[in-house]
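Observations on chain architecture
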Amino acid sequence: MATHAATAEGHATGAGHDEHHKLSFIRTYIFSTDHKMIAKQFLLASLLFLLIGGILAGLVRWQLGFPGQPIPFIGSMFSDTTAPGGIILPEFYNSLVTMHATFMIFFAIMPLLVGVWGNFLIPLQIGAPDMAFPRLNTASFWISVPAGILMLASFFVEGGAAGAGWTSYAPLSANPEYSGVHMGQVLWLVSLIILGFSSLTGAVNYITTIINMRAPGMTWFRMPLPTWSLFVTSWLLLLAIPILTGGLIMLLFDQTIGTGFFNPATDGEPLLWQHIFWYFGHPEVYILILPAMGLVSEVISNRARKPIFGYHAMVLAIISIAFLGWVVWGHHMFQSGMNPLLGTSFMISTIIIAVPSAIKVFNWLGTLWKGDIHFDVPMLHALAFVAMFIIGGLSGIFMASAPVDIPIHDTYFIVAHIHYVLFGGSLFGIFAGITFWFPKMFGRMMSPKLGKIHFWVTIFAYNAVFFPMHNLGLRNHMRRIYDPNSYEYLQPLQGLNTFISIAAFILIAGQMIFAFSFFYSMFFGEKAEQNPWKSNTLEWTAAGHPPGHGNFPGGTPHVYRGPYEYSSPESNEDFLPQGVPPEPVRRGAVPREPGFLPTGD
Amino acid sequence: MENWSWMLDESASSVGPQIDRLYYIILVITGIVFVATEVTLLYFLFKYRHREGHKAEYIHGNTKAEIIWTAIPALIVLAIALMSRGLWAEIKDPANVPADAMRVMLEAKQFEWNLTYPGPDGELRTGDDFTVRNRLDIPLDRPTVLEMTSVDVIHSFFVPDFRLKQDIVPGMAMQMWFQPTRAGVFPIGCAELCGIGHTRMRGTLTVHSPADYQAWVNEQVQGAASAAEPAAPAPATQAQ
Amino acid sequence: MTSHATSAEQNMMVPDLTFEPGMKVFNMKLGMWVFLLSEVMFFTSLIGSYVILRFAHPDHFPEPGVVLNVPLTAFNTFFLICSSVTMVKAFAAIQKGDQQKFKLWLLGTILIGAAFVGIQAYEYSLLVAEHFGPSAAGYAPVGRGMEEGGPIVGGPLYGATFYTMTGFHGAHVSIGVLCLIFVLIQAMRGKYTAADHRGVEVIGLYWHFVDLVWIVLFTIVYLI
Amino acid sequence: MTTEAQGEHHDPPYMMIFAVLLIMTMGEVGFAFLSLPKFWLALGLCVMAVWKALLVALYYMHLRWEPRRLWILVAAPLPLVVILITAVLTEF
Ligand code: HEA
Ligand code: HEA
Ligand code: CUA
Ligand SMILES: [Cu+2]
């Protein structure tokens, strides 16, 4: 074979990074192929969408807390088709709820978990020089930008933004005659189709990178849990997103060229849409929680200075949650007219998911047990994650029991569940992640003082907002209703609704502390040390500070042990990095010189 | 304060108590799990908080403990699943629909409920049927079967006090039965987002004593006979 | 990187051995396989909907050959299978370093692939002329060789599912053709060698996958 | 390395597979127009289609010569496909 060798372009698989020429501004900050820069791009963009989603939530809460009253301060800015004189119209309310959920789920939490941490952590934690396909990675971010722009633009088209709920049940979403929204729905569909490509390219990249580019010694069961959970999440993305894309395309055709897949007038099947949506939708909610579980595991083990309890069980639990997640989608459809027998099997599989979730919760508790717990800001958020995820998970058990779901389906009990798992779970996980890895990303510490204020405001306001929603639900307060007072039996609940809304405004305002601290610390924060949390994983000990192009200045690191060897008797200190060879350990675990670490080959 | 309660309002249908019982069982189980886990969490946080010179113990796990805390929740959730399964089958099994039930047709549309009753002949889809809007009147002593259809989008027929909720999918014939257990007037709501007027899609369900019910039917039949008159009394009635 | 003197002969078709053993195939190939799995799910969404809708409403779907032109499409299927063969031939040629044959087979693949798309477009135009369209309102085919104005066969779900599925397959073929053209240009520039023809293998995987999907589609859409 | 060795000495039987695919396609078209009960027609056609698809995957996409772990990876979504379609089919 060798005789046929022709021109050598020397493109080594990912590893060759020796040319250190200066890249232009555009190549460094805009169309960068460096996974760390792409992670930062995702971070900023999705925090922006988080803010937008939060503002929309504020408007929703205004209407529910003070129905029919003009929105204060900004009320006059709204057009006559949305909120004339600041008074929200019902169609605008529907759009607000729909877009709130759409931005939060697809444009904030998903990229914050997968786009940010998938990009930032995976190569660094497994000791790879970059992603397997750096340019595809750039594309993955830039594909998502037009999707976001289209989604935002839908507010300004005729008929307003999509208003059929984030689940977009057909035929309401398929036929403009029913909803009064045409262009907005079309943009919603197109935007999500485009966004699907972004997630897909990301998933291909993460999976390939993790399978093929782990540093020597980084065996599967030495991988840090964030990477493990991102790996499993990538599979969920890879296999769930295309199902949604197919459904979105069919719905788009119904909406634009009159096909009638989901339109009963032409014998289409509305339930088919629901099956397709939830076949994607349930794996989706695990996409939104698994990476957060990974981040939280890392933070808890680190700040308790103790090995994660039952590492293998944790990994298996992630995998089995993901597996079971594929066979439970019908629990969103118990009251939909689905075949009741099918409902039974969905009910049983759903309830079983509590078991791997239990393993995770108990193992977190086990990690804290006999630990040496440091209450730093990331740890506070991680602990809040555990405490809140328990509540959200347990409320899931009520709904998983199909007969009990009859009265509580489509009430605020569900809304409470959603926010306990998505805010109490995912978002606290994200806060833990951002505050934990901020020093590695930006080279500066986030202010612990502001961080603590933000944390305490958030945890109290958050519970004041969402805990009473359980009670609203049990009083049969339906979700997605514009004016609860139009039901006589809901009128006594107005006081509670107003209370929730005020708490929500405090919650939203409290987030501004975070926004301020984020940007302030980026430029003026205290300079961080190389390994401020005394962590074991490669990104802190082997990579540059902050990591430069090519990630590992000393060459590909070697890995000698698992990621959670905290307080190991082998070391004089309470940590033992993965890359420190066994024999010099007794001299102290911290590599003082950058060149200390063994290099690959 | 009553609004903060975790108790359910008293139910008014035959399945209500069973659903409520299951709800309370789950409430107790999850309540115990909730308190146990959160208290443990807080206790650990207090007990093992960082103190100078103190080092965490180097423990990787404990297989026995892990097996125990996998098995116990597994058994608990299995029990919940089995209990739910039985009740679900009881509610949904078409074989359980009472044969002597009164049949009423429900047609949902944006944004109203139209209910069609068998007229004096007791048969649906005959000339003497009559239709009322946004109210369902039933006798206390008989089960009722609703034959539900929707003409436009998905609606969901929701009677909180009866623990009844069923989405009505256009193009599908849905059925739901129930047996009231006390007389009274109960709200009906639409629980599935169905467009701009979703909030307005309300109704009332009135459970009459048998005698009152007959009187009501008679009144409606007469109303239907004289439907040509424009000023129909509320609730609006119309002839078919 | 002076060590690259030997890398001219380094076989790029095997994975980078400095890493932990992973999938034992090179990155691009693994990436393509992973991507194809998502394609499986995408077509599942479309084909699955077809199967389900057809099962629920058999009356919408006429017998094979009544509306669709089976001989024409069988011929087109033959084309697509041919293009798979030319593709593997191209791959086999570059494996042996035979640049000339490689380019010829590649060109053949492109031409046949383009022909497939062309024939599909032609088929669409015939069908639309026979009032078999995707939209429910415009659906009015009366069957192949039947009198104009006769009874309409099937129902609108037929048109909707037919055009969505075959259309997205056609789009995949078209994208494949574009990618192959790109590969051909690269081949002209001498990018591929016996030691490194990763691009050829990877685009080949995609191309065969599209062929594979067609095998399934042809059977369930045209024949069943 | 394996592919290389294979390429040097004998290519996979590309033309053979091509012939089989062609014959099976013709067989399929003929079979589709037999007057059999619909169920048997559908079953027969599905079996043939799956067979052809397997031939393409195994020979043209070289799965036969790939490491076993790649097989496992490739098979991963198939159960999901089956679950989705069969579950939803029971609805109607
Ligand atoms: C991150 C997101 C996330 C997560 C993790 C979950 C997790 C779970 N969800 Fe949730 N869910 C949503 C997001 C999420 N959900 C959203 C967004 C909706 C609404 C969509 C819409 O309609 O708009 C929804 C709706 C929803 C429904 C539909 C309700 C309805 O519409 O009527 C159901 C029903 O079964 C359900 C169940 C569950 C269950 C059983 C879990 C389980 O995974 C939870 C498991 C966890 C625990 C149980 C806690 C920890 C365990 C222990 C402490 C051990 C001991 C426990 C026992 C012995 C019980 N969810
Ligand atoms: C991740 C998901 C997520 C999050 C975080 C939230 C957050 C909030 N949600 Fe939402 N919500 C959903 C997902 C989410 N929600 C979903 C899926 C639905 C169902 C929709 C449907 O029915 O279709 C829903 C529905 C829903 C309803 C029900 C509406 C109805 O049924 O009529 C309500 C009502 O109160 C509500 C309120 C709130 C409030 C007050 C917040 C608050 O927590 C908001 C607090 C504010 C923020 C979190 C912003 C913080 C900003 C930063 C931290 C940015 C910092 C910025 C920079 C550094 C630039 N939400
Ligand atoms: Cu009808 Cu909501
Ligand atoms: Cu779910």
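Structure shown above.
First things first, this report covers the structure right here in the doc.

What to know about unusual backbone geometry
Note the cis peptide between A:Ala170 and A:Pro171, where omega equals 0°. In this structure, A:Pro171 sits in the loop between α4 (134-153) and α5 (176-179). A cis geometry characterises the amide bond from B:Gln110 onward to B:Phe111, with omega recorded as -5°. Note on placement: B:Phe111 falls in the loop between β1 (102-109) and β2 (112-117). Its identity as a non-glycine residue notwithstanding, A:Lys370 has a phi of 60°, on the positive side. A positive phi angle, near 65°, is found at C:His131, a position not held by glycine. For C:His131, the location among the structural elements is in the loop between α4 (99-129) and α5 (156-188). A relative accessible area of 38% places C:His131 in the partly exposed class.

Details of the coordination of the iron atom of ligand 1
Residues and elements named next belong to chain A. Looking at the protein side alone, the iron atom of ligand 1 has one donor only, His-417 (NE2), at 2.1 Å. Between the two metals, the iron atom of ligand 1 and the copper ion (ligand 4), the spacing is 4.4 Å. Within the fold, His-417 resides in helix α15 (residues 412-442).

Some details on the interface of chain B and chain A
In this complex, chain B contributes 80 residues to the contact, which on the side of chain A involves 98 residues. Buried surface at the junction of chain B and chain A, summed over both partners, amounts to about 7800 Å²; 70% is from carbon and sulfur atoms. In terms of surface lost to chain A, no three residues of chain B exceed B:Trp69, B:Trp88 and B:Leu193, which account for 10% of the buried area on that side. Where chain B touches chain A, the interface holds three salt bridges. In this structure, A:Arg480 engages B:Glu192 in a salt bridge whose closest nitrogen and oxygen atoms are separated by 3.9 Å. Counting across the chain B and chain A interface gives 26 residue pairs in polar contact (both at pLDDT 80 or more). Taken together, the elements giving at least two residues each to the side of chain B that touches chain A come down to α1 (16-47), α2 (63-92), β7 (164-168) and β9 (184-190) of chain B.

Description of the packing of aromatic side chains
Applying the stated criterion to the full structure yields 100 aromatic pairs over all chains. Considering the side-chain rings of A:Trp62 and A:Phe505, the 6.2 Å spacing of their centres and the 35° angle between planes classify their relative orientation as tilted. Taken together, the positions of A:Trp62 in helix α2 (residues 35-65) and A:Phe505 in helix α17 (residues 494-524) put the pair 443 residues apart, joining distant regions of the chain. Accessibility expressed as a relative area gives 13% for A:Trp62, which makes it buried. Judged by its relative accessible area of 28%, A:Phe505 is partly exposed. Residues A:Tyr487 and A:Tyr489 carry aromatic rings whose centres are separated by 5.8 Å and whose planes lie at 70° to one another, so their mutual orientation is edge-to-face. For A:Tyr487, a relative accessible area of 2% corresponds to the buried category. Under the relative-accessibility criterion, A:Tyr489 is labelled partly exposed at 23%. Geometry around B:Phe158 places B:Lys165 over its ring, the cationic atom sitting 4.0 Å from the centre.

Some points on a nonpolar patch on the surface
All names here are of chain D. Side chains of Leu-34, Leu-36, Phe-39, Trp-40, Leu-43, Val-47 and Trp-51 sit close together on the surface and give an oily, nonpolar patch of about 750 Å² of accessible area. For Val-47, the location among the structural elements is in helix α3 (residues 38-60). With a relative accessible area of 48%, Val-47 lands in the partly exposed category.

Focus: the sheet that holds strand β10 (residues 203-208) of chain B
Residues and elements named next belong to chain B. In spatial order, the strands read β4-β10-β9-β6-β7; together these five strands make up an open sheet with mixed pairing. One side of each edge strand has no neighbouring strand; the edge strands of this open sheet are β4 (135-139) and β7. Between one strand axis and the next, the sheet turns through 20° on average, direction left out of account. Judged from the five bridges that link them, strand β6 (residues 155-159) and β7 form a sheet pairing that is antiparallel. Note on β7: the bridge partner recorded for Phe-157 is Gln-166.

Quick look at the site of ligand 2
Residue and element names in this part refer to chain A. Neighbouring ligand 2 are 36 residues, the closest being Arg-61, Tyr-93, His-100, His-419 and Arg-480. A distance of 2.8 Å is found between a nitrogen atom of ligand 2 and a side-chain nitrogen or oxygen belonging to His-100. Measuring from an oxygen atom of ligand 2, one finds a backbone N or O atom of Arg-480 at 2.6 Å. Looking at which element gives the most residues to the shell around ligand 2, the answer is α2, with eight residues. Of the residues belonging to the shell around ligand 2, the class tally is 28 nonpolar, five polar and three charged.

Cut-offs and rules
- Throughout, residues of each chain are indexed from 1 in the direction in which the sequence is written.
- Each chain takes a letter, starting from A, and each ligand takes a number, starting from 1, following the order in which they are written.
- It should be noted that, the model being predicted, local features are given only for residues of pLDDT at least 70 and side-chain atom pairs only at 80 or more, the latter also being counted only at that level, while totals for whole chains, interfaces and linings use all residues.
- Side-chain calculation: all heavy atoms of the structure are included, whereas hydrogens and water are not.
- Helix and strand assignments come from DSSP, with helices taken as H or I runs of at least 4 residues and strands as E runs of at least 2, each series counted from the N terminus.
- The cut-offs for exposure are 20% and 50% of the maximum accessible area for each residue type, with area from a 1.4 Å probe on protein chains only; residues under the lower value are buried, those over the upper are exposed, and the others partly exposed.
- Only nitrogen, oxygen and sulfur atoms qualify as donors, and only when within 2.8 Å of the metal (3.2 Å in the case of Na, K and Ca); with water excluded, sites may look incomplete.
- Every residue pair with non-hydrogen atoms within 4.5 Å of one another is taken to be in contact.
- Joining two parts hides part of their accessible area as seen by a 1.4 Å probe, and the buried area is that hidden amount summed over both.
- Between Lys or Arg on one side and Asp or Glu on the other, a salt bridge is scored when a side-chain nitrogen of the former is within 4 Å of a carboxyl oxygen of the latter.
- As used in this structure description, the phrase polar contact means that two N or O atoms lie within 3.5 Å; if the pair is within protein, one of them must be able to donate a hydrogen and the other to accept it, and residues adjacent in sequence are counted only when both atoms belong to side chains.
- Put simply, two rings from Phe, Tyr or Trp (the six-membered ring, in Trp's case) pair if the centres are within 6.5 Å, and we call them stacked under 30 degrees between planes, edge-to-face over 60, tilted for the rest.
- Either the NZ atom of lysine or the CZ atom of arginine qualifies as a charge over a ring when it sits within 6 Å of the ring centre and within 35 degrees of the ring normal.
- The patches reported here contain residues having more than 30% relative accessible area and no salt bridge. Joining distances are 9 Å for like charges and 5 Å for nonpolar side chains (Val, Leu, Ile, Met, Phe, Trp, Tyr).
- Areas reported here follow the Shrake-Rupley algorithm with a probe of radius 1.4 Å; residue values treat only the protein chains shown as occluding.
- Pairing between two strands requires that DSSP report at least two bridges joining them.
- Only the contacting stretch of a helix is used when fitting its axis, a line to C-alpha atoms as for every element, and angles between N-to-C directions run 0 to 180 degrees.
- Any residue with a non-hydrogen atom lying within 4 Å of a molecule or strand is treated as near it.
- Note on residue categories: nonpolar means Ala, Val, Leu, Ile, Met, Phe, Trp, Tyr, Cys or Pro, charged means Asp, Glu, Lys or Arg, and polar means any other residue, Gly included.

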